[in-house]
Amino acid sequence: MGSEKDKGILMFTFERKKKDTMILNMGPSHNATHGTLRIVLELEGEIIVNATLEIGYLHRGIEKMAEHRTYNGFIPLTDRMNYVSPIMNNVSYALAVEKLLGIEVPKRGQYIRVIMNEFTRIADHLVAIGTNVVDMGALTNYFYFFKERERIYDLIEKVVGARLTTTFTRIGGIQKDVPGDFESDVRFLLKEIPKSINDVDRLLTKNRIFMDRTIDVGAITQERALEYGFTGPVLRATGLQWDLRKKQPYSSYEDFQFDVPIGENGDTYDRYLVRMEEMRQSLRIIQQAIDNLPGGPVSIDDPHITLPPKEIVYNTMEGLIHHFMLIMYGIKAKPGYVYFGTEVANGELGFYIVSDGEQYPYRLKVRPPCFAIFQAFPEMVKGLLISDAVAILGSLNIVAGELDR
Amino acid sequence: MSELIENIKNRFKDKIISTQEDFRPRSIKVSPGDLVEVMTALKNEEPFRFNQVLDITGVDFLNQKPRFLVVYILLSTVKNQRLIVETDVDESETVPSVTGVWCGADWFERELYDMFGIPVKGHPWLKRILMWEGFEGHPLRKDFPVRGTTPREQRYAPWDQRRTREY
């Protein structure tokens, strides 16, 4: 390893691995980087010798802000982490705090969370695959997928009131019950989404060009993947059957029948196949959840944790006091810590929360799945071409908002 | 006592300073000097097999000695179990790097250094990761202000000496 340090026009220090190589800068704003992240490639001809990554362009200090916000007040910030699937972040965070408080949401709330969670997982995979193949030059699939994504976002808008900045959950439940035509909307989507998935399946899976561009590109062995801290579809593509929804069920996932698809080689093609199958499995989960959707409340009935209904706030003294106490002082958790990880679209999203008994978390750490995955990028692209690097970057589904927090 | 903690206590004996079973996942505390040895055993030996380090982070207990708590969140996909390993570090001290045990610890340790200013001994390339080169201060320390960029002065809420809070 050469130790020549460059800090010229690139404005940051990196080490050249070889002499007389060409430096190519990708990003922070580049067509193939979804979000602002930067890759400096060291090239010998067109072969990548080394890649140096620079992240942090989207760092907004979410963890610092969390220390000065109430537990409910942090939920809007979780939307801004993985902006492709915000609802999964909301659910994941709410589950972590509920674990800290030692409470459990009623069944109906859990089922609605599962339905919305799985729809967001589908939306995330649609974007991941869609943009990945766009980077490789296939634009049609993108439109097939974004039609469905738009429909999912319409449903989210109907349920939550916002498309992207959802703030779907509250500690102890969800913001409000679903609208009356929720069930028919979900059933409509269950009918429509498989059509687009099958269309893209027919277009891509046996496509010669796509296979040439992706098979054996960016392959990583299972041992290396585990050591790097990979989770989610990228780990499952290497052949390990590891899904937290199965292994450590949360939010009633143990009630549903679904399979965990795995790949074989851990290359870009396998990641694509795993994501495609996961979408079908998510539809299976939604089908079961909507068929067995229980009645009852969606949030727990504890005035120290969830806001009382408006009739009670307006008409009783206790309701008014509880309302104001919760807004002004927030939820108090007893001193302790918790780490809770859930299976989001990219892998395991975990929240490590330390409480000192106040209404603010003393420390909140987000464990983003991309962070562990992206650090293996230099190893994956070594010896490949620039166009392969673009394909691999898309298949890892790096979301910069989550990477940098 | 759970089986995991019992196994760990039998295996490492007096290297374990304390254990915590009230919260999930369970945690053990070791001294920074024993960290790499304990981690290597936790990764490779049979009843543990913690083959993934999911996260490395710190907690700043301002005005306490030792000041920082460094937290390693481990996961075993073989045994389907989790464990948190904690170690106490004071301001002038360093933690040993566990990149030799799990290569994935690399970026997490860089983030630990970036956010808390805890130097990681033996790390291959210890540089800031989220903040830019030349940034002053370490943002997640409790004496770093929420607004502004550099720690100008320490501002405490008068009734709470443990954290800075701006109004």
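Cut-offs and rules
- Residues numbered from 1 in each chain as written.
- Chains lettered and ligands numbered in written order.
- Predicted model: local features only at pLDDT ≥ 70, side-chain atom pairs only at ≥ 80, totals over all residues.
- Heavy atoms only, no water.
- Helix = DSSP H or I, 4+ residues; strand = E, 2+ residues; numbered from the N terminus.
- Buried < 20%, exposed > 50% of the residue type's maximum accessible area, 1.4 Å probe, protein only.
- Contact = heavy atoms within 4.5 Å.
- Pairing = 2+ DSSP bridges.
- Axes fitted to C-alpha atoms, helices over the stretch in contact; angles between N-to-C directions.
- Buried area = accessible area lost by both parts, 1.4 Å probe.
- Salt bridge = Lys/Arg side-chain N within 4 Å of Asp/Glu carboxyl O.
- Polar contact = N/O pair within 3.5 Å; in protein donor to acceptor, adjacent residues only side chain to side chain.
- Core = buried A, V, L, I, M, F, W, Y, C linked by side-chain atoms within 4.5 Å.
- Phe/Tyr/Trp six-rings, centres within 6.5 Å; stacked < 30°, edge-to-face > 60°.
- Lys NZ or Arg CZ within 6 Å of the ring centre and 35° of its normal.
- Parallel < 35°, antiparallel > 145°, perpendicular 65-115°, else oblique.
- Left-handed = near helix turned anticlockwise from the far one by under 90°.
- Nonpolar A, V, L, I, M, F, W, Y, C, P; charged D, E, K, R; others polar.
- Expected span 1.5 Å × (residues − 1).
- pLDDT = per-residue confidence, 0-100.

## Here's the deal with the overall build of chain B
Within chain B one finds three helices and nine strands. Moving toward the C terminus, one meets the helices and strands of chain B in the order α-β-β-α-β-β-β-β-α-β-β-β. In chain B, which comprises 167 residues, the share counted as buried stands at 57%. Long-range pairs, those at least 24 residues apart, make up 47% of the contacts in chain B with a sequence separation of at least 6.

## Points about the pairing of strand 1 (residues 16-20) of chain B
All names here are of chain B. By the bridge criterion, four bridges tie strand 1 to strand 2 (residues 27-30) in an arrangement that is antiparallel. Bridge assignment links Gln 20 to a residue of strand 2, and that residue is Ser 27. Remark: six residues form the turn of the hairpin made by strand 1 and strand 2, two consecutive strands paired antiparallel.

## Focus: the environment of B:Ile56
Inspection of the secondary structure assignment puts B:Ile56 in strand 3 (residues 52-60). Between the C-alpha atom of B:Ile56 and that of B:Arg110, which follows or precedes it by 54 residues, the distance is 9.6 Å. Ignoring sequence-local partners within four residues, the contact set of B:Ile56 consists of A:Lys365, B:Val70, B:Val71, B:Tyr72, B:Val98, B:Ala105, B:Phe108, B:Glu109 and B:Leu112.

## Let's talk about the sheet that holds strand 4 (residues 68-76) of chain B
Residues and elements named next belong to chain B. Taken in spatial order, the five strands line up as 1-2-5-4-3 in an open sheet, and their pairing is mixed. Of all the strands in the sheet, just strand 1 and strand 3 have a single pairing partner and so form its edges. Strand-to-strand, the axes of this sheet are offset by a mean angle of 20°, without reference to chain direction. In terms of strand pairing, strand 3 meets strand 4 through eight bridges, oriented antiparallel.

## Brief notes about the interface of chain B and chain A
Contacts between the two partners involve 56 residues from chain B and, on the opposite side, 53 residues from chain A. For the chain B and chain A pair, buried surface summed over both sides reaches about 4500 Å², with 56% attributable to carbon and sulfur atoms. Along the contact surface separating chain B from chain A lie six salt bridges. The salt bridge involving A:Lys365 is made with B:Asp55; its shortest N-O contact spans 3.2 Å. Taken together, the connections running from chain B to chain A amount to 22 residue pairs in polar contact (both at pLDDT 80 or more). Listing elements by their share of the side of chain B that touches chain A, those giving two or more residues are strand 3, strand 4, strand 5 (81-89), helix 3 (105-116) and strand 9 (160-164) of chain B.

## Here we look at the nonpolar core
One recurring pattern in soluble globular proteins is that nonpolar side chains are buried together. In terms of nonpolar packing, the biggest core is built from 94 residues, with A:Phe374 and B:Leu42 touching the most fellow members. If you tally residues by element for this core, the top one is strand 4 of chain B, at eight residues. Not counting residues within four places of it along the chain, the set of residues in contact with A:Phe374 comprises A:Leu37, A:Ile39, A:Leu53, A:Ile55, A:Leu393, A:Ile398, A:Leu403 and B:Trp107.

## Brief notes about the packing of aromatic side chains
Per the counting criterion, the structure on display carries 22 aromatic pairs over all chains. Seen in terms of ring centroids, A:Phe210 and A:Tyr272 are 4.9 Å apart; in terms of plane orientation they differ by 70°. Their pairing is edge-to-face. Here A:Tyr272 lies in helix 11 (residues 268-291) and A:Phe210 lies in helix 7 (residues 208-214), a separation of 62 residues in the sequence. For the pair A:Phe210 and A:Tyr272, one class covers both residues: buried. Relative to A:Phe258, the ring of A:Tyr253 lies with its centre 6.5 Å away and its plane at 65°, an arrangement referred to as edge-to-face. The class of A:Tyr253 is buried, set by a relative accessible area of 1%. Taking the relative accessible area as the measure of exposure, A:Phe258 reaches 3% and is therefore buried. By way of ring pairs, the aromatic residues A:Tyr111, A:Tyr250, A:Tyr253, A:Phe256, A:Phe258 and A:Phe340 are connected into one cluster. Its guanidinium or amino end placed over the ring of A:Tyr362, B:Lys142 lies 4.0 Å from that ring's centre, counting from NZ or CZ.

## Focus: the sheet that holds strand 5 (residues 47-54) of chain A
All names here are of chain A. Spatial strand order, 3-4-5: three strands in an open sheet with antiparallel pairing. The sheet is open, and its two edges are formed by strand 3 (22-26) and strand 5, each paired on a single side. Here the average twist between neighbouring strands, direction ignored, is 25°. Pairing geometry for strand 4 (residues 38-44) and strand 5, over seven bridges, is antiparallel. By the bridge assignment, Glu 42 is partnered in strand 5 with Asn 50. Across the sheet, helix 16 (residues 386-396) touches strand 3, strand 4 and strand 5, and the angle it forms with strand 4 is around 150°.

## Let's talk about the packing of helix 3 (residues 86-101) of chain A against helix 4 (residues 107-135) of chain A
Residues and elements named next belong to chain A. Running from N to C, helix 3 and helix 4 point in directions that differ by 140°, and their axes come no closer than 8 Å. Between helix 3 and helix 4, the crossing angle belongs to the class labelled oblique. For the element pair helix 3 and helix 4, the recorded crossing hand is left-handed. For the pair formed by helix 3 and helix 4, the contact residues are Pro 86, Ile 87, Met 88, Val 91, Ala 94, Leu 95 and Glu 98 on the first element and Arg 113, Met 116, Asn 117, Thr 120 and Arg 121 on the second. Across the contact of helix 3 with helix 4, the residue classes tally to seven nonpolar, two polar and three charged.

## A closer look at the side chain of B:Lys142
Tracing the backbone shows B:Lys142 in the loop between strand 7 (120-121) and strand 8 (156-157). Here the side chain of B:Lys142 touches A:Glu67 through a polar contact of 3.0 Å, side chain to side chain. In this structure the side chain of B:Lys142 is engaged in a polar contact, spanning 2.6 Å, whose partner is the backbone oxygen of A:Tyr362.

## Focus: the packing of helix 4 of chain A against helix 11 of chain A
All names here are of chain A. Put simply, helix 4 and helix 11 touch, their axes get as near as 9 Å, and they point 155° apart. The angle between the axes of helix 4 and helix 11 places the two elements in the roughly antiparallel class. The handedness of the crossing between helix 4 and helix 11 is left-handed. Facing Tyr 111, Val 114, Ile 115, Glu 118, Phe 119, Arg 121, Ile 122, His 125, Leu 126, Ala 128, Ile 129 and Asn 132 of helix 4, the residues of helix 11 in contact are Thr 268, Tyr 272, Arg 275, Met 276, Glu 278, Met 279, Ser 282, Leu 283, Ile 285, Ile 286, Ala 289 and Ile 290. Looking at the contact of helix 4 with helix 11 residue by residue, the class counts come to 16 nonpolar, four polar and four charged.

## Section: helix 3 of chain A
For the α-helix, the turn length of 3.6 residues means that residues three or four positions removed from each other point alike. Residues and elements named next belong to chain A. An ideal rise of 1.5 Å per residue puts 22 Å on 16 residues; helix 3 measures up with 23 Å between its terminal C-alpha atoms. Here helix 3 lies mainly inside the structure; 15 of its 16 residues are buried. Two residues or fewer past helix 3, Gly 102 is found with a positive phi of approximately 75°.

## Description of the confidence of the model for chain B
Within chain B, residue pLDDT values average 83, and 87% of them lie at 70 or more. Scored by ipTM, the complex comes to 0.87, with pTM at 0.90.

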